[in-house]
Amino acid sequence: MANFYTDNEDLKFHLGHPLMKKIVALKERNFEDAGKCEIAPRDFEDAMDNYDRVLEIVGDICGNVLAENAEGVDHEGPEVIDGRVKYAAGTQQNHDMLAQAGLYGMSLPREYDGLNFPMVPYVMAAELVSRGDGGFANIWGLQDCAETIHEFASEEQKRQYLPRAAKGDTYAMDLTEPDAGSDLQSVQLKATYCDGKWYLNGVKRFITNGDAHISLVLARSEEGTHDGRGLSMFIYDKANGGMTVRRIENKLGIKGSPTCELVFKDAPAELVGERKLGLIKYVMSLMNGARLGVGAQSVGIAEAAYREGLKYAQERRQFGKAIIEFPAVYEMLTNMEAKLQASRSVLYETSRFVDMYKAYTHIANERTLNKEEREEMKKYQKLADIFTPLLKLFSSEYANEIAYDALQIHGGSGFMKDYPIERLVRDARITNIYEGTSQLQVVAAIRGVTTGQFLKQIREEYEQASIRPEQEYVREILKGMTGAFEAAVTKVTAVGETEYVDFHARRLVEMAGYIILGYLLLLDSQRCDRFAKSAEIFVKYGQSKVAGYAAFINDFELKDLGMYKK
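If you're wondering where the values come from, they're calculated on a predicted model, not measured in any experiment.

Calculation rules
Residues numbered from 1 in each chain as written. Predicted model: local features only at pLDDT ≥ 70, side-chain atom pairs only at ≥ 80, totals over all residues. Heavy atoms only, no water. Helix = DSSP H or I, 4+ residues; strand = E, 2+ residues; numbered from the N terminus. Rg over C-alpha atoms; globule rule 2.2 N^0.38 Å. Buried < 20%, exposed > 50% of the residue type's maximum accessible area, 1.4 Å probe, protein only. Contact = heavy atoms within 4.5 Å. Areas by Shrake-Rupley, 256 points an atom, 1.4 Å probe, with all protein chains shown as cover. Lys, Arg positive; Asp, Glu negative; His and termini not counted. Charge placed at Lys NZ, Arg CZ, Asp CG, Glu CD. Expected span 1.5 Å × (residues − 1). Phe/Tyr/Trp six-rings, centres within 6.5 Å; stacked < 30°, edge-to-face > 60°. Lys NZ or Arg CZ within 6 Å of the ring centre and 35° of its normal. Salt bridge = Lys/Arg side-chain N within 4 Å of Asp/Glu carboxyl O. Axes fitted to C-alpha atoms, helices over the stretch in contact; angles between N-to-C directions. Left-handed = near helix turned anticlockwise from the far one by under 90°. Nonpolar A, V, L, I, M, F, W, Y, C, P; charged D, E, K, R; others polar. Pairing = 2+ DSSP bridges. Patch = residues over 30% accessible without salt bridge, like charges linked within 9 Å, V, L, I, M, F, W, Y side chains within 5 Å. Parallel < 35°, antiparallel > 145°, perpendicular 65-115°, else oblique.

A. Summary view of the overall build of the protein. In terms of regular secondary structure, the protein is built from 17 helices and 11 strands. Computed over its C-alpha atoms, the radius of gyration of the protein comes to 24 Å, within 12% of the 24 Å expected for a compact globule of 566 residues. Along the longest, intermediate and shortest principal axes, the C-alpha atoms of the protein span 70 × 60 × 60 Å. In the protein, buried positions account for 58% of the 566 residues. Sequence separation of at least 24 residues holds for 76% of the intrachain contacts in the protein that already meet a minimum separation of 6. As displayed, the protein has an accessible area near 23,700 Å², and 50% of this comes from carbon and sulfur atoms. Computing the positive centroid from 69 side-chain charges and the negative centroid from 84, the protein places the two 3 Å apart.

Shown next, in the form of structure tokens:
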């Protein structure tokens, strides 16, 4: 019997990070519910035991149900019947198993029938689901929408919709339209207020799990507006009618996840929070949660692809020996493992930042924070804001690279549908496109570069950490990379041209990323020797990348932009 949690010791390692003690205490309000609620933990050890046992259940279902169904779901896919979506048989079984096990609404408070888990174990469950079936992760993972309702909706709306998440009702976020993809300011779906109720009219496109029970819909509520200031957020309940599925897109990958075109005709809806803040405030929160989810999905797919490549290399024999014995193959596998572990480290570092600021945000709704708490909340919110796009950029790009290399290890066999790797390659491809392409993640992350926030975190936190003497040389390499990064930032920003900064933005963001991911692996290796090899390999790999980018920037002048313009 496969268990995707117990067969991967890296997960329990990240679950046991020292900051978890503070995260759990904040989430549980110092365990004030102990004795009042049967499932509330008594103390930190009890809480961690709960997370561990639940993740073991998730790992069992993912290994023995989701993974077993993945090929059949990929072949069958969903269909539209009379304007409604019918899941593939395996997808429905996946959903039913996880719902019956109580694995929806994991991060919601117990008062709304959730498990009150922090983001770290919830994201860990998302990684496990993604390893089982990357497409199904989109259906299960859209329970993130409930977090937005929890954060911004009225108490009446919370009590109406959040317990349904815990029961397994599915969610969707209806943002994109035929003429409004990445540019959500152009959304035109109309919200009209009439006789005390809101009604939605228009078309949404590329909506993941679009026929969900509950949807968060971005719509234009202010007549005569043409930008983001005229948009509001609405809750749409499918039970109220008014929306039909026109079609399901025929996709390259994640085929079990229905990507829908939706038609709203006088569909009743409820306003979330305040008018005009739909894009400016609520979608930003929604997208950050979704990008964290794609980070988990990317790492889960990468884990599955790496294991497929490793297994094939161990079993496939050529020229009288297993192909894993050839340098060209074992180098690929070692680099794949280092990228995978680096991606996982930044995934859970970001999750911890989100946990900290969200815990303080919810506490602030109950009482006034003291000065130290307010400062800590601001600190972690800034870190979550800059790390989320960095995570999404690196994890999704590495998921594609790892899947690509795993197929390469399979050779011609990997191109055939006899092996899961061809599906994993197709599933990985979307991760650096949706919820903001890699190019848009750079746009979001460059603020952390130009404002010095990445450099501050590197210098004041990572660089100052205690390192074993025998690994000090690795830190010295990272310090050299940091110096090159700082010099490159200074040179680019000194030009004073926005277009010049934008042109070099990806190089600068990636330089910061190689340093940060390298430090995270180095710090992981202080708690567990298992990461020491990957830390050294990744840092040396990053060193060459940073040196190359630094050389390019140093030799580049403003006039050189003209060579690239079409």
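And the narrative resumes.
B. Representation of the environment of A406. Examined against the element boundaries, A406 turns out to sit in helix α11 (residues 371-410). Measuring from C-alpha to C-alpha, the distance between A406 and I421 comes to 7.1 Å, with 15 residues separating the pair along the chain. Contact partners of A406, with chain neighbours within four places excluded, come to A305, G309, M336 and I421.

C. Structural context of the environment of M284. You can see M284 is positioned in helix α9 (residues 278-315). For M284, a relative accessible area of 42% translates into the label partly exposed. Considered as a pair, M284 and E325 are 41 residues apart in the sequence and their alpha carbons are 48 Å apart.

D. Molecular detail of helix α15 (residues 472-494). Its 23 residues give α15 an end-to-end C-alpha distance of 33 Å, which sits within 8% of 33 Å, the value for a rise of 1.5 Å per residue. Among the structural elements, α13 (438-450), α14 (453-462), α16 (498-527) and α17 (532-554) are those in contact with the buried residues of α15. Phi for G496, located one or two positions after α15, is positive at around 80 degrees.

E. The arrangement of the packing of aromatic side chains in detail. Enumeration over the complete set of coordinates arrives at 24 aromatic pairs. Sitting above the plane of the F4 ring, R131 keeps its charged end 3.7 Å from the centroid. Directly above the aromatic system of F326 lies the positively charged group of K321, at a separation of 4.7 Å from the ring centroid.

F. Summary view of the pattern of salt bridges. The final tally for this structure, using the stated rule, is 53 salt bridges. For the salt bridge of E222 with R275, the shortest nitrogen-to-oxygen distance reads 3.0 Å. With E222 in the loop between β6 (214-220) and β7 (231-237) and R275 in the loop between β9 (259-272) and α9, this residue pair connects regions lying 53 residues apart in the sequence. In this structure, D427 engages R423 in a salt bridge whose closest nitrogen and oxygen atoms are separated by 3.9 Å. A residue pair is termed a helical-turn pair when its members lie 3 or 4 positions apart in one helix, as D427 and R423 do in helix α12 (residues 421-429) at four residues. Members of the salt-bridge network, linked through shared partners, are D7, E9, D10, E127, R131, E303, R307, R344 and R530.

G. Summary view of the packing of α11 against α13. Look at α11 against α13: their axes get within 8 Å of each other, and the N-to-C directions meet at 145 degrees. Helix-helix and strand crossings are classified by hand; for α11 and α13 the assignment is left-handed. Judged by residue contacts, I386, P389, L390, K392, L393, S396 and E397 of α11 engage S438, Q441, V442, A444, A445 and G448 from α13. Here the contact of α11 with α13 is built from residues that sort into seven nonpolar, four polar and two charged.

H. Fine view of the pairing of strand β3 (residues 171-174). Residues Y171 and M173 point to one face of β3 and A172 and D174 to the other, with burial holding for every one of them. Sheet topology note: the β3/β6 ladder contains four bridges and is parallel. Among the inter-strand pairings, A172 is bridged to a residue of β6, identified as S215.

I. Expanded view of a positive patch on the surface. Side chains of K371, R374, K378 and K382 sit close together on the surface and give a patch of like positive charge. Inspection of the secondary structure assignment puts K382 in helix α11.

J. Structural detail: the side chain of R344. With respect to the helices, strands and loops of the structure, R344 is situated in helix α10 (residues 327-364). Filtering out sequence-adjacent residues up to four positions away, R344 remains in contact with N8, D10, L11, H14, E127, V299 and E303.

K. Expanded view of a nonpolar patch on the surface. A cluster of nonpolar side chains, namely F552, M563 and Y564, defines an oily patch on the protein surface of about 330 Å² accessible area. Counting through the fold element by element, Y564 comes out in the segment after α17.

L. Structural context of the side chain of E435. Mapped onto the secondary structure, E435 falls in the loop between α12 and α13. Despite being buried, E435 has no salt bridge partner; R291 is the closest side chain of opposite charge, sitting 6.1 Å away. Contacts of E435, omitting those with residues within four sequence positions, involve M173, M287, A290, R291, V294, K392 and Q441.

M. Quick look at the packing of helix α2 (residues 20-27) against α10. Relative to each other, α2 and α10 sit at 25 degrees, their axes nearing to 9 Å. The orientation of α2 with respect to α10, classified from their angle, is roughly parallel. Crossing geometry of α2 relative to α10 is assigned as left-handed. The residues of α10 that touch α2, namely those facing K22, I23 and L26, are R352, D355, M356, A359, Y360 and I363. Broken down by class, the residue content of the contact of α2 with α10 amounts to six nonpolar, no polar and three charged.

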